Each structure stands twice: as structure tokens, then as C-alpha cells.
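Structural overview for review
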Amino acid sequence: MSNLLRDFEVDAKNPSLEARQRWRSSVSIVKNRTRRFRNIRDLDKLADYETKKHQIQEKIRVAFYVQKAALQFIDAAARPEYKLSDEVKQAGFSIEADELASMVRKNDTKSLAHKGGVEEIAKKISVSLDEGVRSSEVPTRAKIFGENRYTEKPARSFLMFVWEALHDITLIILMVCAVVSIGVGVATEGFPRGMYDGTGILLSILLVVMVTAISDYKQSLQFRDLDREKKKINVQVTRDGSRQEISIHDLVVGDVVHLSIGDQVPADGIFVSGYNLEIDESSLSGESEPSHVNKEKPFLLSGTKVQNGSAKMLVTTVGMRTEWGKLMETLVDGGEDETPLQVKLNGVATIIGKIGLSFAVLTFVVLCIRFVLEKATSGSFTNWSSEDALTLLDYFAISVTIIVVAVPEGLPLAVTLSLAFAMKKLMSDRALVRHLAACETMGSSTCICTDKTGTLTTNHMVVNKVWICDKVQERQEGSTESFELELPEEVQSILLQGIFQNTGSEVVKDKDGNTQILGSPTERAILEFGLLLGGDFNTQRKEHKILKIEPFNSDKKKMSVLIALPGGGARAFCKGASEIVLKMCENVVDSNGESVPLTEERITSISDVIEGFASEALRTLCLVYKDLDEAPSGDLPDGGYTMIAVVGIKDPVRPGVREAVQTCQAAGITVRMVTGDNISTAKAIAKECGIYTEGGLAIEGSEFRDLSPHEMRAIIPKIQVMARSLPLDKHTLVSNLRKIGEVVAVTGDGTNDAPALHEADIGLAMGIAGTEVAKENADVIIMDDNFKTIVNVARWGRAVYINIQKFVQFQLTVNVVALIINFVSACITGSAPLTAVQLLWVNMIMDTLGALALATEPPNEGLMKRAPIARTASFITKTMWRNIAGQSVYQLIVLGILNFAGKSLLKLDGPDSTAVLNTVIFNSFVFCQVFNEINSREIEKINVFTGMFNSWVFTWVMTVTVVFQVIIVEFLGAFASTVPLSWQHWLLSILIGSLSMIVAVILKCIPVESSHHHDGYDLLPSGPSSSNSA
């Protein structure tokens, strides 16, 4: 089978265009191309998409740069005037929405200056830059200036799915046959008897179409919910005088938005204030070089990304008036990239479809030849009647129905169904899957490279210890009111300046007057420490003017600020990674509060303090300052600082993380911690989590990046902890792990993590701490930043793979039996025991209902006690072939005996004996499938009932199948060619079906794979100790 599927292989991430074209062209037998490829990206549309995107980007780029140059020569006063509408005047505004949009879109700085700058624009739209928009004004602003929403493609209605299901070629042929059958039947047999066969087929088609459409429609609703979740972005704004978080869709013109590194600019606007703001405009204009935004270049465009710095912006244009909105309207995304499993099952469906088509043609030919020979031998070859035409039409309908059953259209669609179900469940479990293939690939992951802060730890940080003036002070357990340090006044003043000035966060009051600290967990811990010392954020900010800010950068691992001193001169503050910042110091504040030279002895002493804090799993930061005669024109100084304090921040390990790590290790998944923290802190946390074990290696990023490629490759399998790492180190680690055959999942939250997230097989961005840039480059967003959620994604990834294997095993068994029993019977008796209507019902059991039952089963704990699914593992394993062959042989023997010797065995005679026998065969066949569906819940385990009633979908499908089978046999005989059965015949049918469970037990005792488990897993010893060799 693997050789036959060579054309049906694609990479899970960023598949090549050639591979995608190859498998599409290899899919030759498709009953309903519209439905089969509904969720698969159209390559022709994709090419048009890219062309259109580049055209729009070029248009925007020309608008930015050519118009901007041209506007330099146009007098602002000579520009067209916009007449204010009465509606705008009555709302209290003095500028039109189109005028604002035009000014920003054209980068018209002269027009902005002519209008008085951002302050005057704020007055024209009736907003205070300090207080922001009043909540009561939001509806009016949305009405006048528009909402921050983009035109979206309307959702598909249920009737569209019905119409799509009717595109099945075989169903169309059967409908034509049914109509002809009704016409000929009424003419020969009269009304209503002549209508039964044709009407039965039409009703069966209607049932198949409705069940298919309902399943597809519900699936589309799941994808719509997921798509809605993907578009959720929150932004920080000032409203009603306080800083708050709102949805990007609730943004209105006049809002004052706070931007920081990694944010997406949520609307068009004007720069109000900020530091070192660099904007990546590549998504909009295609320009790779970042644009510097400041008072001289004040315009910000929706959809661009903050690459560096921080700022406040005034929103001037929202929604479809922005260039980003127009781009989003024009470019409609055409489906998802296909997953490897979808492609593989398209291949399986194609191969089986070809076999089924051959059998269908052979069946029709054999039936026709036998019919002609019978007419010839009976001497009526020259005498043809409408009844003969009806018989031939019936043969044709049976052959077409064999194609309906034989072409397993549901195989690739079952993957989509299973993934949609898994994604919906994961969303409720706080994991948002952005790309379908990621959920599938996660089942094969062999390694998780995880951050420490917020993922393994709670991200609820507090300053637990502080070293200052040669003393270590510890926060008392339960103490929340104060942090008594008894410092000299001057030292305390400088310390509070360093805390409140050198921060990217804010201390604000909420609506109830309670103090709130906004910002990253580390910043919140430092600011809370400052408040406990009696400091006041707003007072400090008013006392000193900030001249320059260098925001925290994960490469430099520090942030700095320069403030003007009241008596002249300036003071620089810096805080960051202890070892790095300590090297920048020349002096230290001693026990008397005096600044003294930093001798080697003192450096050793401070290093010991840092090491002591780190060994207690505390995150350490150094706070330093430097007085300057004047503000430097370039970057802030990198040396000559005076050490104020070392703080130790406690961030407890999340409950359940150790157990989750052990679950990974038992599943053959190696967990590696990659953190920017001190190596001692990293090792202490890693030991607590169970990541750092005996024989494992902890290494610093600087040491790792200095290794040669050969040395790197040799030690990578042993690395369990990487400390003081840069984003580039994470990328290098991920890249090398993939080269040695690992399937790597990596977590990231910062803008600089984007390359590693993109490089990894599965990129996992943090939903709380993650920036928009990180989320955009990720495959899965972990909404609660919790490591346990990552393990849950892996569990569901494995469940998807196993569930599809179960469904394939079940469907192939039905295929084999239905094909052979009809073909052999046609060859020997000249008739097919299963009619078109019956085959359509069987097709629904094995296709839509079978997929619903088996492809949506929740994961069980046993999945995480096996090794990951190998990328090269054969999807249809030897164990599956054993089960398929065994069940097929059993069913064929039983049904064959019934077909050829049933009348004598069951002592049937009389005019209805053939009808009763065919009904018993049909009933037995269906119950064989019902019990085999239960057998398929476990491919190798004997106990197939474990957790069966936990899956309500499975239970519901089984119940519906049995109930409807009773209705078909007992009440719809005229349409389905069945007759009511006695209780003995019902019991016999159920007994024949249930015996397949005993057959399954016998089959599972036959070994076929010695070293591999049934589903491509290697069995592992239980417990974490086995992971050391992974």
C-alpha cells in the first residue's frame, strides 16, 4: 500500500507546491468533487490570491511613497475641503471620517500640521488625549465614523450544503434511474405498485443527502466558531480616564491606544507619544525594512506590527475605511492547507475507488450476460419487453450503487470531521488550533521545547527577597501591607525612581477606585514591590521628565530609561538579567547608603547572592543607575553604573505540571526547558517539574551557540535545560532537533520567538503572555499559557490519528464484503442480494454515520502510554489488515451460506421465500456492521466496551442505526424490497452480527507485529525513567 501512496505524501507544514499539485492530479475517482475538496485550498485561487495581494501591496506602497513625495509640493491650504454634514455637526464633531482617512492614507503630514497637529485633531473629534473616549459616546462614534469590522464572506446556509451533497455523480445517475424506473414501472405494473422501486431509491437518496448535509453543516458551524475565536484580539486603550482592555472590534475613532512590542496596530491613527517606535509594514506594503514612527512621521496604519518600542496613538480611521480593511475585503481566503492524513486517505480512497469501479462494471457485465443468455436459452431473445428494460435498469442501478459503496468518499472527509471535533473540544479546553495539520502533527511530536515563565510556572510573580545595602531582606509569608527595608532616605528615593521610571507598565485606578497594575508579570511584581515600599507611581512620573526609553529586549535582556534631574543633568536607570547588568557596574551602594567602588570581592559577594536566590528558584534582576552631566545623543551607556539592589522574584510552579511532564515522558515525548533565566533558577525549576533528571544536560545559551555544528549535534539529545537563551538559540535548537529526526513542538510568546515558532513542526504561542506577532506565526494558541494544555493537544492529536484508523478499518471491511457478495452472487445466481436502496443505507452506515461514531471518540489515557506515531509509519498497519481480512472472511462465509443455502437451512418455502431470505441476508449484513463498528473501537485490545458510553455520539449513532434498520425492515418493505421478519429471524440476524465480536477476540490473539503496537506505536515501559533514553 505504501508504494501505491507515494504520490499522496505532503509535509505537514509549508508543503511544496509540486507535492500539492501531484496528489490533486492523482485523485482520479471522485463522486462529489465539490464536497470532497470543500475545505481544501484551491491552488488556482491561491495563485490568484497571491497575485492580487501583491498588486494591492504595490498600490499601497506607491500611495505611501509616491503620494507622500508629491504632497510635499502641494500647499496644504490648497487641498480639497470636506464639507461637514449635519449629522457630524449634531454629533459634536468638526471633521469628516473621509477627511481623516484620506490624511492618514496619503501620509499627509502637511495637512496634519495645517490642522494643528494631533492635539487639534483630538479636539475636532471631541476627545481628550489624557482621558480618552467616554464609554457613553461609543455608539455615536461607531455610527458617525464606522465600526472596526471588515466585510466578511457571508456564512453558507444549510440549503447550500444540501445542494452540494446533491452534486454526487453517482446519486445523480441513481436519481435518473429512479425517475426512469418510476416511468417504466407505472407503465408496466400500474400505479402505485410501479412506483415503489424508484421511489425507494429517491427516498434513500434524500435520506443520504439530508444526513450528509446536516453533518457538513454542523462541521461548518464548528469551523466558524474557531474562525471567530482566531480573530479575537484585545487592545489596551484609555477610556473614561483609565486604562482598560477591549476587543479590537469595539475600537472607535477617538480611542487612545497603547502599543508595545509585538502588537498589531488595530486601526489607522496618529502618533501621540512614545519611544523608539519601529513598525513592520510588510503585511500591508510588502516593504521589509521597518518604518520609524515619531512626531515627524506620525501616521500608523492598521494591520502593521510593532517591531520595537512603545507608543500611544489616536485612532482616526476604523474598519473598511482603512487600507487593511480594503485588503481584507479583496482577499478572501480559500480554505485550509491539506493535512498529511487527508492527502493519504485521498490516496486510499482513489485506489479503493478504482477497484470498486472495476467490480461495479464487472457486476453489470456479468448480470447482463447472464440475463441475455437466459433469454437466449428460453427462446425469447427476440422478444423484449418493458419489464426486461426495467430489469436491465435495475442491474445498472445496482452497479452504480456498488460504486456509491465502493468509493470511500468519507475517508478524507472523516479526517476533517475528526479534526473539527478535536479542535472544538480543544477550544473548550483552552487551546485554539489555528491550522488543521497542527492538531494531527501534535500526535507525532517527540519533543516539546517549552518556556518556563507562565507555561511551567503560574506567572503570578512577587518579589520574595531583595539584596540592598549589603543586606538580604525577605518578604514575610502573608505580608501584603509593607516591605520594611529601613533604608537611608537617598537610597530609598533612588530605588523608587528606578522602579517607577524604568518600567513599561502602569499603575492605574479601576472604576471602583482600586489600584491596578497593568503590564507583564515581572513588571507587576517590581511595581508592587515599589508600592509596598510606600512609593507613588503618578508622583514619581510627574516629578521627572523621561527623555529616552530603551524597552526590554529579549536579545539584550535588559531595559533602560533616561530621566532629566530637576537640578540639571540626567540619570539613567537600567534593570535586567543579573549577570549581564552586574558587568555594567563600577560602583555599588554599601551598608551606609554610600556609593563605593565595586571590587572583585564585592562582585564575588553579589554573585553569591544572585546564585543563592537562583538556587531557590527565584528569578533575579539587578536594578542599577548612573548620573550623567547631559543626555547622550545616541544609545544609553553600557557601563559605569552603580548597583542599587538585586531582587529575587518568586514564580511558583503550576499545579499538575510535574504530572503532565511525567505523562509526556511516559508517552516518549522529551520535554526541554528553554528560558532566559539564570541557569541555577532554570535547573531548580526544571528539577521541581521533573524535566531535569540524572544524566541530563543543562547549558547556557552563550555556551550552546559557541559550539561547532558537529558538537552541537552530539549534545542536543542530552539537553534538558537551556538557560540565558536568546530567541536565536531557540531557533537553532529547534532546527537541529528536526535535522536529527525529531518532531518538535515549541512554545513562544515574544516577537523574537516568531522564527522558532515558524521553524518548528508545531508552534505553540501563549494566549495570555503572547504578542500578536507570536500568535500569527503559531499553529496553536495555548489560551491559558498552561503546560497541561499542551499535553492535552498532544493527546487529542493522537486520538485523531487512532480514530481515523478505526474508521478506515471499519469502512474497508464493509467495502470488501459488499463488493464481493454482490459480485459473486451476480456471477453465480444472476441477481444481487443487496438492492440499490439497501446499499445506499449501508453506505450511510459506513460513511457519514460511521465517521460520526468512530472519528469523534474522545482520547483515552492509554494513548499517552505509547511512543509517538512515526512519520514513516504505515497508516494501514498489518494488524488492521488482519482485522479487515478476518471479519470480511467471516461475513462472506456466513452471508454466502445464507445466499446459496439459506432457504433449506431456514426451511423457507412459499412465494415469499426469496424475499424473506434476501431480507435476512440484508438484516444480518447490517448487524454485522453494527457489531463490527463496536469491534473497531479498539484495533488490538480485546475489551472494546471501555468508555463506550462516555462517547454520546457513538451511542447515539448505534441507537439510530438499529432503530432505523427495524423501521426499514418492518415498515418500509415496499420501498426497500424487504418483508417483515419473525422474531426468530431477527434473533438469527443479531446472533450472526454478534458472533463477529467473538471472531474479533480470536483475531486479536493472532500476533502479526512483534515489535510494534497495532497502531504504529512502540510500546514503552511506563513512568518517566524511560524518557532518559528518548
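Residues numbered from 1 in each chain as written. Predicted model: local features only at pLDDT ≥ 70, side-chain atom pairs only at ≥ 80, totals over all residues. Heavy atoms only, no water.

As named in an unreviewed UniProt entry, the protein is Calcium-transporting ATPase, taken from Arabidopsis arenosa. For the protein, the Catalytic activity (unreviewed entry) comment in UniProt is given as "Ca(2+)(in) + ATP + H2O = Ca(2+)(out) + ADP + phosphate + H(+)". (UniProt positions renumbered as here; feature names shortened; annotations may be inferred.)

Our focus in this paragraph is the nonpolar core. The biggest cluster of nonpolar side chains holds 170 residues, and the ones touching the most others in it are Leu174, Ile201, Met442, Val780, Phe787, Ile804 and Val808. The dominant element in this core, judged by the number of residues it contributes, is helix H30 (residues 787-829), at 20 residues. Discounting chain neighbours no more than four positions away, the residues touching Phe787 are Ile448, Thr450, Thr455, Leu456, Val657, Ala660, Val661, Cys664 and Val671. (Core = buried A, V, L, I, M, F, W, Y, C linked by side-chain atoms within 4.5 Å. Buried < 20%, exposed > 50% of the residue type's maximum accessible area, 1.4 Å probe, protein only. Helix = DSSP H or I, 4+ residues; strand = E, 2+ residues; numbered from the N terminus. Contact = heavy atoms within 4.5 Å.)

Turning to the layout of surface pockets, a few remarks are in order. Counted as a void, the second largest pocket has a volume near 920 Å³. In terms of lining residues, the second largest pocket is bounded by 32 residues, among which Asp197, Asp394, Thr835, Ala974 and Ser977 are the most central. Secondary structure elements with two or more residues in the lining of the second largest pocket: helix H10 (169-189), helix H11 (196-230), helix H15 (386-406), helix H31 (836-854), helix H33 (913-935) and helix H35 (973-976). Examining the composition of the lining of the second largest pocket, we find that eight residues originate from one element, H15, more than from any other. (1 Å grid on protein atoms, 1.4 Å probe; cavity = no way out; pocket = protein on both sides within 12 Å on 5 of 7 lines; lining within 4 Å. Points joined across faces, edges and corners; volume = space filled by probe spheres on them.)

On to the pairing of strand E19 (residues 618-628), then. The buried fraction of E19 amounts to eight of the eleven residues, a majority that puts the element mostly inside the structure. By the bridge criterion, eight bridges tie strand E16 (residues 570-577) to E19 in an arrangement that is antiparallel. Along E19, the bridge assignment pairs Arg571 with Asp627. (Pairing = 2+ DSSP bridges.)

Bringing the sheet that holds strand E21 (residues 670-674) into the picture now. In spatial order, the strands read E8-E26-E25-E24-E9-E21-E23-E22; together these eight strands make up an open sheet with mixed pairing. Both edges of this open sheet fall to strand E8 (431-433) and strand E22 (697-700), since each of them pairs with a single strand only. For this sheet, the mean angle separating the axes of adjacent strands, direction not counted, is 20 degrees. (Axes fitted to C-alpha atoms, helices over the stretch in contact; angles between N-to-C directions.)

Enumeration over the complete set of coordinates arrives at 39 salt bridges. Where Asp677 meets Lys452, a salt bridge forms, and the shortest distance between an N and an O atom there is 2.9 Å. In this pair, Asp677 is assigned in the loop between E21 and helix H24 (679-689) and Lys452 in the loop between strand E9 (447-450) and strand E10 (462-468), connecting sequence segments 225 residues apart. In this pair, the class of Asp677 matches that of Lys452, namely buried. (Salt bridge = Lys/Arg side-chain N within 4 Å of Asp/Glu carboxyl O.)

Let us look at the confidence of the model for the protein. Considering every residue of the protein, the mean pLDDT works out to 86; 94% of them sit at 70 or more. Within the model, pLDDT remains below 50 along residues 1011-1030, and this stretch shows 47 contacts once partners closer than five positions in the same chain are excluded. (pLDDT = per-residue confidence, 0-100.)

Turning our eyes to something else, we now look at the UniProt feature "domain: Cation-transporting P-type ATPase N-terminal" (unreviewed entry) in the protein. This chain's UniProt record puts "domain: Cation-transporting P-type ATPase N-terminal" (unreviewed entry) on residues 112-186. Along residues 112-186 one finds 60% helix and 0% strand; the C-alpha atoms at either end are 82 Å apart.

A cluster of nonpolar side chains, Leu991, Leu995, Ile998, Ile1002, Ile1006 and Val1008, forms an exposed patch at the surface whose accessible area comes to about 500 Å². With respect to the element layout, Val1008 can be found in the segment after helix H36 (983-1004). Residue Val1008 is classed as partly exposed on the basis of its relative accessible area, which comes to 32%. (Patch = residues over 30% accessible without salt bridge, like charges linked within 9 Å, V, L, I, M, F, W, Y side chains within 5 Å. Areas by Shrake-Rupley, 256 points an atom, 1.4 Å probe, with all protein chains shown as cover.)

Below, the discussion takes up the packing of H11 against H31. Running from N to C, H11 and H31 cross one another at 10 degrees; their axes reach a closest spacing of 9 Å. When the interaxial angle is binned, H11 and H31 end up roughly parallel. Residue-level contacts link Gly200, Ile201, Ser204, Ile205, Leu207, Val208, Val211, Thr212 and Ser215 of H11 to Ala836, Val837, Leu840, Trp841, Met844, Thr848, Leu849 and Leu852 of H31. (Parallel < 35°, antiparallel > 145°, perpendicular 65-115°, else oblique.)

Here the focus is the environment of Gly347. The residue Gly347 is located in helix H14 (residues 340-377) in this model. Taking the relative accessible area as the measure of exposure, Gly347 reaches 0% and is therefore buried. Separated by 238 residues in sequence, Gly347 and Cys585 place their C-alpha atoms 65 Å apart. Look past the residues within four positions of Gly347 in its chain and what remains in contact with it is Leu5 and Phe8.

Another point: empty space enclosed by the protein. One pass over the full model with this rule turns up six cavities of 30 Å³ or more. Volume-wise, the largest cavity comes out at about 170 Å³. What lines the largest cavity is a set of 15 residues, and nearest its centre among them are Arg35, Asp168, Val208, Thr212 and Asp847. Contributions of two or more residues to the lining of the largest cavity are made by H11 and H31. Looking at which element gives the most residues to the lining of the largest cavity, the answer is H31, with four residues. Residue classes in the lining of the largest cavity are distributed as six nonpolar, four polar and five charged. Roughly 110 Å³ of internal volume is contained in the second largest cavity. If you go around the second largest cavity, you meet 14 residues; those closest to its centre are Arg35, Ser215, Asp216, Gln219 and Leu413. (Nonpolar A, V, L, I, M, F, W, Y, C, P; charged D, E, K, R; others polar.)

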